[in-house]
Amino acid sequence: MKHLAIAGLLLALFSSAASAQVNAGEQTPDPNLPFTMTQVTTLRLPWRIAFLPDGRMLITEKVGGLELVTQQGEKTPVQNVPAVLWRGQGGMLGVYLSPHYAQDHSIYLTYSEPHEDGSSLALAKARLQIGHNTASLEGLRVIWRDPEGGRGGQFGAAVAFSPDGKYLYLTSGDRQRMTPAQDPNQPVGKILRLTLDGKPAPGNPMAGKTGAHTVPIIDPPADTEKAKTAPVVRTYTYPGPNLTPAETWATGFRTPYGLAFAPDGRLWEVEHGPRGGDELNLIEPGKNYGWPLVSYGHNYNGVPIPSPDTRPDLAKPVIYWVPVIAPGNLMFYKGAMFPQWNGSAFVSGLATEALVRITFDGHGGAKAVDRWEVGHRIRDVEVAPDGALWMIEDANPGALFRLTPVGMAVAAPVAQTATHAAAVTSAPQGAAGPERAKAIIANNNCMLCHRVGQDGGDIGPALNGVGKRLTAEQIEATILHPAPKTHTGAANPMPSYAGKIPDADLKTLVNYLRSLPAAQ
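Residues numbered from 1 in each chain as written. Predicted model: local features only at pLDDT ≥ 70, side-chain atom pairs only at ≥ 80, totals over all residues. Heavy atoms only, no water.

Trainee: Quick question: what am I supposed to make of the pattern of salt bridges here?
Mentor: Opposite charge on two side chains allows them to pair when their charged atoms are near. One pass over the structure, following the stated rule, counts 17 salt bridges. Note that R379 and D394 form a salt bridge whose closest N and O atoms lie 3.4 Å from each other. Of the two residues, R379 is situated in strand β25 (residues 378-383) and D394 in the loop between β26 (389-393) and β27 (398-405); the sequence distance between them amounts to 15 residues. Each member of the pair, R379 as well as D394, is classed as buried. For R402, the salt bridge is made with D386, and the minimal N-O distance between the two is 2.9 Å. Residue R402 is found in strand β27, and its partner D386 is found in the loop between β25 and β26; the two are separated by 16 residues along the sequence. (Salt bridge = Lys/Arg side-chain N within 4 Å of Asp/Glu carboxyl O. Helix = DSSP H or I, 4+ residues; strand = E, 2+ residues; numbered from the N terminus. Buried < 20%, exposed > 50% of the residue type's maximum accessible area, 1.4 Å probe, protein only.)

Trainee: In this structure, what is going on with the layout of surface pockets? I would like to understand it.
Mentor: Summary: where empty space remains is shown by rolling a probe the size of a single water molecule over the atoms. As a volume, the second largest pocket reaches approximately 1,200 Å³. Of all elements in the fold, only β3 (46-51), β7 (92-97), β11 (156-161), β17 (255-261), β21 (327-332) and β25 reach the threshold of two or more residues within the lining of the second largest pocket. A per-element tally of the lining of the second largest pocket places β17 first, with five residues. In the lining of the second largest pocket, the residues fall into 26 nonpolar, five polar and four charged. (1 Å grid on protein atoms, 1.4 Å probe; cavity = no way out; pocket = protein on both sides within 12 Å on 5 of 7 lines; lining within 4 Å. Points joined across faces, edges and corners; volume = space filled by probe spheres on them. Nonpolar A, V, L, I, M, F, W, Y, C, P; charged D, E, K, R; others polar.)

Trainee: Can you help me understand the environment of E61 in this one?
Mentor: Relative to the assigned elements, E61 resides in strand β4 (residues 57-61). Owing to a relative accessible area of 3%, E61 belongs among the buried residues under this scheme. Between the alpha carbons of E61 and R48 there is a distance of 7.8 Å; along the sequence they are 13 residues apart. Polar contacts involving the side chain of E61 include one to the main-chain amide nitrogen of R44, which spans 2.8 Å. (Polar contact = N/O pair within 3.5 Å; in protein donor to acceptor, adjacent residues only side chain to side chain.)

Trainee: I tried to follow unusual backbone geometry on my own but got confused; where do I start?
Mentor: Both trends apply: most residues other than glycine have a negative phi, and most peptide bonds are in trans. Each neighbour pair has its own omega, and for W291 with P292 the value is 0°, a cis peptide bond. With respect to the helices and strands, P292 occurs in the loop between β19 (278-283) and β20 (319-321). Across the junction of V322 and P323, the peptide omega takes the value 0°, indicating a cis bond. Structurally, P323 is set in the loop between β20 and β21. Positive phi values are uncommon outside glycine, yet N80 reaches one of about 70°. The topology assignment puts N80 in the loop between β6 (75-77) and β7. Look at N80 and you get partly exposed, because its relative accessible area is 47%. Even without being glycine, H105 reaches a positive phi, approximately 55°. Structurally, H105 can be placed in the loop between α2 (101-104) and β8 (106-115).

Function cannot be read off these values alone, since they describe shape.
Structure representation (structure tokens):
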């Protein structure tokens, strides 16, 4: 019994240490940026980036637009976007690719939808159709909306898909109304778990339950105390069953702008606190995360809010920030360009104009390990297929930046669109010898990094005279298994072509490279 008691005490101590809250607000920024920022283009109040498999981007503009953008900054407006109410914090907000995009070409949009009594958060699904210099949304339909409408910003509007690709998680902010975040009958201030078509997902904490037929709507109050007695401005009556309880995964959120699954399958959320108290939360089903009952911050007018330490029944953040970082989004990095960051999360900073890197211990703990001031209000940071980081600036015009390792050339790869997305074997019918080799080089964007004569990029060595420097076996080995780093020590952006190129084409390419003179 004595040993069991000691073991229990140690377990309690370890559990307490693992759940200890950490204030990262005073973290000192690192003055040395480990990346080079290259501005590519500008957009009108850009909000979210979604990468297509070929490297092109869909970028929402809060003013109401959706742009298809190449990595060189060429923009094509996407047609047939829904009407939005661009006002305050509302407008065209999130864009997300379906987890089955390769099969269905579906995308999801979140936005503030015009409503007779203000605006509503809406989630829509559509098929992306891309043609020659054209792009459009086909079959767009709203699959979920907050039917209550009303006033206030803080829409949330972040989406994450379950690792198995079956379910959709949607953050719905408190619309600056505060107390409804604790009302189980209203979707504001919640994280919802839905099917890919917007229905309540099976297995939710209150699956099958319905809410009150009528709910009170208030306008945004001055502070959390006044919210408790805020006058009801109108009552909303659901025309059918109120499915909010069945949709709800977790409760008690203020401005949940970031939502992402970690590599280990855990779901994390980042949100704005009021005056202080931004939060990183580990999201678990059925838990209450406290807003507006508690916060590590205060109301903007100085009225205090009880500390989360006073309510052990409510879930506490893993990390909080006092002063705030004003988070824009949350994403987990996986890529070849910054391999040392694989598994880390990044949080973009608005008011702080910062980028924050967070590491995780695999047991529900997290630590803010790096903070870099980038000199721009960063609304979103995402990772491209080649591993580069891309950021958008919350401004009008707002810049689109590409981040690459220091010491690595900054040219972005050309998107492999339908006209040049073939495998490495792609070449003109009947082409042989040098013509086939040139087609393979062109179709795989080798000239972005290498040079032949006066043409091409300058990231990698020139291909001229490679046969004088390397044997055929060495050239073949470089194509199939490129070194992980360049001679400067930077990550090598060249992919491996092992298993992607037939032996005959490999020999054709090697023979062509060996035939190039040292200068042209």
